[in-house]
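Tertiary structure, described
Here are the chains, one letter per residue:
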Amino acid sequence: MQPKHLFFLILSTFFFSGCEGMAHWAYDKGLNIEKNRAGLNDQTLTTADGIEWHLLASEQNGENHTDKEAVLLIHGFSADSSNWVRFANELEGDFFFIVPDLPGHGDTTRNLDLDYTMDAQAARLLVLMDALEIKNFHVAGNSMGGAISLAIAQQAPDRVLSLGLVNSAGLTRQTEEFKNILANSDSNPLIPHKPEQFQTTLKWAMEEPPYIPGFFIDIMGQKKAENAEVAEKVWGDLQRDPGMALEGKNLLPKIQTPTLVLWGREDRLLGLDNVDAFLAELPQSRAVILDGIGHAPMVEAPGKSADAFRAFWREVRP
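Residues numbered from 1 in each chain as written. Predicted model: local features only at pLDDT ≥ 70, side-chain atom pairs only at ≥ 80, totals over all residues. Heavy atoms only, no water.

1. Description of the confidence of the model for the protein chain
- Per-residue pLDDT for the protein chain averages 92, and the proportion of residues at 70 or more is 92%.
- Low pLDDT (under 50) marks residues 1-18, which in the prediction has two contacts with non-local residues, meaning those over four places away or in another chain. (pLDDT = per-residue confidence, 0-100. Contact = heavy atoms within 4.5 Å.)

Below, the structure written as structure tokens:
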């Protein structure tokens, strides 16, 4: 074998044998760049209730976080804190963001013994905010995170400055399309058990997904598949949770917190009819609907979503 052929063989063997490791390195590097642009730092914290949290929090740059209004951002089912990074980037410097991975998700405590109902998750988040020494804050949640936000507003109304419900569960009026797939399939499209099934999850979750490199999707799919057993436990808890079926229970009308309902019109999971139902039940609510956007507006249209919240938070500023 000629020396140059041997050189290219060794070179190609080096790259291809290490491609998985290189892909994970590039994935982590890409996420870190996005987080740095948004002024968010990774933090870990163990709270008094035993939860080991991973969260993103705004850089303080020597300032006390109390100089800015705090905003708690809560992701949805089977997601994690990264869902809010591009949204936070649009508002970088204006607010102090706290963006945790919920228990059962991401790099926060995940096991089969926890109670993953809305009330239990809300109580844990209030303990987290206590540990961070943040008394008052805005809270916004997507999907399941919206239902948790409603639970927080019920448990600690004196602490919540405003509510943001982004294609939120709570009333949980599912589309006929989604109800049919759940009724007639042995699997839930939101819980990939194999990495390649994550492609289906993305199609259900987003109408206008941002560009994501193929190897990013592969790694994300691998992570979701590894957590499938816990995700099934979380989903099971949701199906039995009164906090996911609040319509007509005379609980929401008691919430006097200013509320923005932000909705992607093309949501395949939770229909647009949820918007009018929320407006009817929440006395201090208003709505913004984004055309051509699906279940995750803060991912699909971070600029438009941030504009809506910027105007809302300025209006309700204490």
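Let us keep going from here.
2. Thoughts on the packing of helix α7 (residues 198-205) against helix α8 (residues 214-226)
- At a minimum axis distance of 9 Å, the contact between α7 and α8 shows a crossing angle of 100°. On the basis of the axis angle, α7 is roughly perpendicular to α8. Residues Phe198, Gln199 and Leu202 of α7 pack against Ile217, Met220, Gly221 and Lys224 of α8.
- Looking at the contact of α7 with α8 residue by residue, the class counts come to four nonpolar, two polar and one charged. (Axes fitted to C-alpha atoms, helices over the stretch in contact; angles between N-to-C directions. Helix = DSSP H or I, 4+ residues; strand = E, 2+ residues; numbered from the N terminus. Parallel < 35°, antiparallel > 145°, perpendicular 65-115°, else oblique. Nonpolar A, V, L, I, M, F, W, Y, C, P; charged D, E, K, R; others polar.)

3. A short note on the pairing of strand β1 (residues 40-46)
- Here β1 pairs with strand β2 (residues 52-58) via seven bridges, running antiparallel. Counterpart to Asn41 in the pairing with β2 is Ala57.
- Connecting β1 to the next strand, β2, in antiparallel fashion are five residues, including Gly50 with a positive phi near 90°. (Pairing = 2+ DSSP bridges.)

4. Things to note about the packing of helix α4 (residues 118-131) against helix α5 (residues 144-155)
- At a closest axis distance of 8 Å, the pairing of α4 and α5 adopts a crossing angle of 70°. Viewed along their axes, α4 and α5 adopt a mutual orientation that is roughly perpendicular. Of the two elements, α4 crosses α5, and the hand of that crossing is right-handed. Contact residues: Met118, Asp119, Gln121, Ala122, Ala123, Leu125 and Leu126 in α4; Met144, Ala147, Ile148, Ala151, Ile152 and Gln155 in α5.
- Class assignment of the residues belonging to the contact of α4 with α5 gives a composition of ten nonpolar, two polar and one charged. (Left-handed = near helix turned anticlockwise from the far one by under 90°.)

5. Quick notes on the sheet that holds strand β7 (residues 259-264)
- Spatial strand order, β1-β2-β4-β3-β5-β6-β7-β8: eight strands in an open sheet with mixed pairing. Only two strands of the sheet have a single neighbouring strand rather than two, namely β1 and β8 (285-290). The average angle at which neighbouring strand axes cross in this sheet is 20°, direction not considered.
- Docked against the sheet, α5 engages β3 (70-74), β5 (137-142) and β6 (160-166), running at close to 145° with respect to β5.

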